[in-house]
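So you can see what is in the structure, the chains are spelled out below.
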Amino acid sequence: MHVVVLGTGMIGTTVVSELAKFDGIDKITAVDVRQESIDKCLEIANSKRVSGRVASLASEEDIAKVLKDADIAVACLPHSLSLPAIKAAISQKCNLVDLVGSKYVEKKELHKEAQEAGVIIVPGCGVAPGITNFLAAQGIELLDEADEAVMICGGIPRHPVEPLWYQVVFRLESVLGLYGKPALAAENGNLVELPPLSGLEELTFASPVGLCEAVVTDAHSTAYTLKDKVTKLYEKTVRYPGHWNKMRVIAELGFLDDTPLEIEGIVTTPRAISEKILLPKMAGISNEDITVVRVEVTGKKNGIKVKHQWDMIDLYDHGRGITSMAKTTALPAAVFAKWIANKRITETGVVAVEEVIINERFQPFIDELEGLGISFEYKEEVLD
């Protein structure tokens, strides 16, 4: 099996390194637009099965050329290249695991084309979307009647500092985009949009995290795939106390708007200006981070009201020398690619991760993640 990894940033490099350890994968090609990024990736992977290739990834046509002889691809690309990568994979009859979960409807429209090509396309296969999705789906599967599924996730600093108690663990552009748009959720079988930065609540995680706050954010594919299986479903993003109130003021004043703005003859947007101002305030004092996940699913089993809950607290990975966010994003994608290579996953079409990693596949997938250093705490609680 030949796997191509598109993009060799921290996440892409981690995907390459882990794939190089798996059986059933004969060749891995790491592709990036920059030679220095590829060189660093090859040095970290340190495997004869891995080679590098410098290539443009700016368009569907560019990506198609790279995927010409590939069996599987893992896309670690910006949001803007997610859809072109999917179309390119289908055209080349190449299976694709994508880290980006946005534009699910547009991607699902390619389902039949992917089936006809005999490949599986998996959007949003990271931590959130990704891990949170299949935890929620499995919780629903364990119930006779599911009332509510809440997916909670956040990347937070190990050593928070004022004024925002947050440091950027991926692109600030993506962070502010998340903050500025309505949150897609599901209620009573219908898609609903909740106001951005709404639904503020306090919650506590085990040490070293402690007290946090969360607001609703986009539920991605789960709003579509699980809406008819649970009465209410939504996602929340975690930060330390005080962050959300400050960001809400910034949003209310228009600093997260994308409307073009002219200043002394220069056209820009309030959000672009905010990015430049806020980035130094979110640099942090350390690259150590924490990723937290909590998924709660409540409902009835045999007439008794119960709650299934999974918690994950993952710290900066000193062994791999990568952030927790990179680790918890990269490893699910790498394992999923491995399962495709080993034919443990044989579905075709555009398929969300929560439609695959459930029931008999759920625990083996969890076990593989735990074997790679991502641990979960599960509990079932009777509520009546």
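In this report, we go over the structure that sits alongside the text.

The rules we used
Residues numbered from 1 in each chain as written. Predicted model: local features only at pLDDT ≥ 70, side-chain atom pairs only at ≥ 80, totals over all residues. Heavy atoms only, no water. Helix = DSSP H or I, 4+ residues; strand = E, 2+ residues; numbered from the N terminus. Rg over C-alpha atoms; globule rule 2.2 N^0.38 Å. Buried < 20%, exposed > 50% of the residue type's maximum accessible area, 1.4 Å probe, protein only. Contact = heavy atoms within 4.5 Å. Areas by Shrake-Rupley, 256 points an atom, 1.4 Å probe, with all protein chains shown as cover. Lys, Arg positive; Asp, Glu negative; His and termini not counted. Charge placed at Lys NZ, Arg CZ, Asp CG, Glu CD. Pairing = 2+ DSSP bridges. Axes fitted to C-alpha atoms, helices over the stretch in contact; angles between N-to-C directions. Phe/Tyr/Trp six-rings, centres within 6.5 Å; stacked < 30°, edge-to-face > 60°. Polar contact = N/O pair within 3.5 Å; in protein donor to acceptor, adjacent residues only side chain to side chain. Salt bridge = Lys/Arg side-chain N within 4 Å of Asp/Glu carboxyl O. Arc of directions from axis to C-beta. Right-handed = clockwise from strand over helix to strand, strands pointing away. Core = buried A, V, L, I, M, F, W, Y, C linked by side-chain atoms within 4.5 Å. Parallel < 35°, antiparallel > 145°, perpendicular 65-115°, else oblique. Left-handed = near helix turned anticlockwise from the far one by under 90°. Nonpolar A, V, L, I, M, F, W, Y, C, P; charged D, E, K, R; others polar.

### What about the overall build of the protein?
Line of reasoning, step 1. Across its full length, the protein holds 13 helices and 18 strands.
Line of reasoning, step 2. At 20 Å, the protein has a C-alpha radius of gyration in line with the 21 Å of a compact globule built from 384 residues.
Line of reasoning, step 3. For the C-alpha atoms alone, the extent of the protein along its principal axes is close to 65 × 50 × 40 Å.
Line of reasoning, step 4. Of all 384 residues assigned to the protein, the portion counted as buried reaches 55%.
Line of reasoning, step 5. Sequence separation of 24 or more characterises 69% of the internal contacts of the protein that already satisfy a separation of 6 or more.
Line of reasoning, step 6. Carbon and sulfur atoms provide 49% of the accessible area of the protein, an area that totals close to 16300 Å².
Line of reasoning, step 7. Mean positive and mean negative side-chain charge positions of the protein (40 and 55 charges, respectively) differ by 3 Å.

### Comments concerning the sheet that holds strand β2 (residues 27-32)
Line of reasoning, step 1. Taken together, the 7 strands give an open sheet; going across it, the order is β3-β2-β1-β4-β5-β6-β17, and neighbouring strands pair in parallel fashion. Among the strands making up the open sheet, the edge pair consists of β3 (50-54) and β17 (349-350).
Line of reasoning, step 2. Sheet topology note: the strand β4 (residues 72-75)/strand β5 (residues 95-98) ladder contains 4 bridges and is parallel. The residue of β5 that forms the bridge with Ala75 is Asp98.
Line of reasoning, step 3. Sheet strands in contact with helix α2 (residues 35-45) are β2 and β3, and its direction is about 175° off that of β3.

### Here we look at the packing of aromatic side chains
Line of reasoning, step 1. Summed over the entire model, instances satisfying the criterion amount to 8 aromatic pairs.
Line of reasoning, step 2. Geometrically, the ring pair formed by Phe134 and Phe365 is edge-to-face, given 5.4 Å between the ring centres and 75° between the ring planes. With a gap of 231 residues between them, Phe134 in helix α7 (residues 131-141) and Phe365 in helix α13 (residues 362-371) connect regions that are remote in the sequence. There is no split in this pair, since Phe134 and Phe365 are both buried.

### Section: the side chain of Thr237
Line of reasoning, step 1. Tracing the backbone through its elements, the reader meets Thr237 in strand β12 (residues 230-239).
Line of reasoning, step 2. Overall, Thr237 belongs to the buried group, its relative accessible area being 7%.
Line of reasoning, step 3. A polar contact is formed between the side chain of Thr237 and the side chain of Thr217, at a distance of 2.7 Å.
Line of reasoning, step 4. In this view, Thr237 contacts Cys153, Leu178, Glu213, Ala214, Val215, Thr217 and Trp244; residues no more than four positions away in its chain are not counted.

### Regarding the pattern of salt bridges
Line of reasoning, step 1. Following the criterion strictly, the structure yields 18 salt bridges and no others.
Line of reasoning, step 2. One salt bridge in this structure joins Glu18 and Arg320, with 2.9 Å as the shortest N-O distance. With Glu18 in helix α1 (residues 10-19) and Arg320 in the loop between β16 (304-315) and α12 (324-341), the pair connects residues that are 302 residues apart, well separated along the chain.
Line of reasoning, step 3. Here Arg344 ties to Glu368 by a salt bridge, and the two come within 3.2 Å at their closest N and O atoms. Residue Arg344 is found in the loop between α12 and β17, and its partner Glu368 is found in helix α13; the two are separated by 24 residues along the sequence.
Line of reasoning, step 4. In this structure, a network of salt bridges that share partners links the residues Glu18, Lys21, Asp314, Asp317, Arg320 and Lys327.

### Describing α2
Line of reasoning, step 1. Those residues of α2 lying buried are Ser37, Ile38, Cys41 and Ala45. Seen along its axis, α2 keeps its buried residues to an arc of 95°; they face one direction. Of the residues in α2, the exposed ones pointing more than 90 degrees away from the buried face are Glu36, Lys40 and Glu43.
Line of reasoning, step 2. Close packing links the buried residues of α2 with α1, β2 and β3.
Line of reasoning, step 3. Of the residues trailing α2, Asn46 is marked for its positive phi of about 50°.

### Quick word on the pairing of β4
Line of reasoning, step 1. Going residue by residue along β4, you find Ile72 and Val74 tucked away on one face and Ala73 and Ala75 tucked away on the opposite face as well.
Line of reasoning, step 2. In this structure, strand β1 (residues 2-6) lies alongside β4, joined through 4 bridges in parallel fashion. Pairing of Val4 across the sheet is with Ala73, part of β4.
Line of reasoning, step 3. Between β4 and its parallel partner β5, the chain crosses via helix α4 (residues 82-91), and the hand of that crossover is right-handed.

### With respect to the nonpolar core
Line of reasoning, step 1. In this structure, Leu19, Phe134, Leu135, Phe336, Ile357 and Leu369 are the most contacted members of the largest nonpolar core, which totals 85 residues.
Line of reasoning, step 2. Top element by residues in this core is α12. It accounts for 11 residues.
Line of reasoning, step 3. Dropping the residues within four chain positions of it, Leu135 is found in contact with Val293, Val295, Trp310, Phe362, Ile366 and Phe376.
Line of reasoning, step 4. One finds Val4, Val66, Cys94 and Ala117 within the second-largest nonpolar core, a separate group that totals 28 residues.

### Notes on the packing of helix α8 (residues 172-180) against helix α11 (residues 270-278)
Line of reasoning, step 1. The geometry of α8 relative to α11 is characterised by a closest axis approach of 10 Å and an angle of 125° between their N-to-C directions. Between α8 and α11, the crossing angle belongs to the class labelled oblique. Relative to α11, α8 is oriented so that their crossing is right-handed. Contacts from Leu172, Glu173, Leu176, Gly177 and Gly180 in α8 reach Arg271, Glu275 and Leu278 in α11.
Line of reasoning, step 2. Looking at the contact of α8 with α11 residue by residue, the class counts come to 3 nonpolar, 2 polar and 3 charged.

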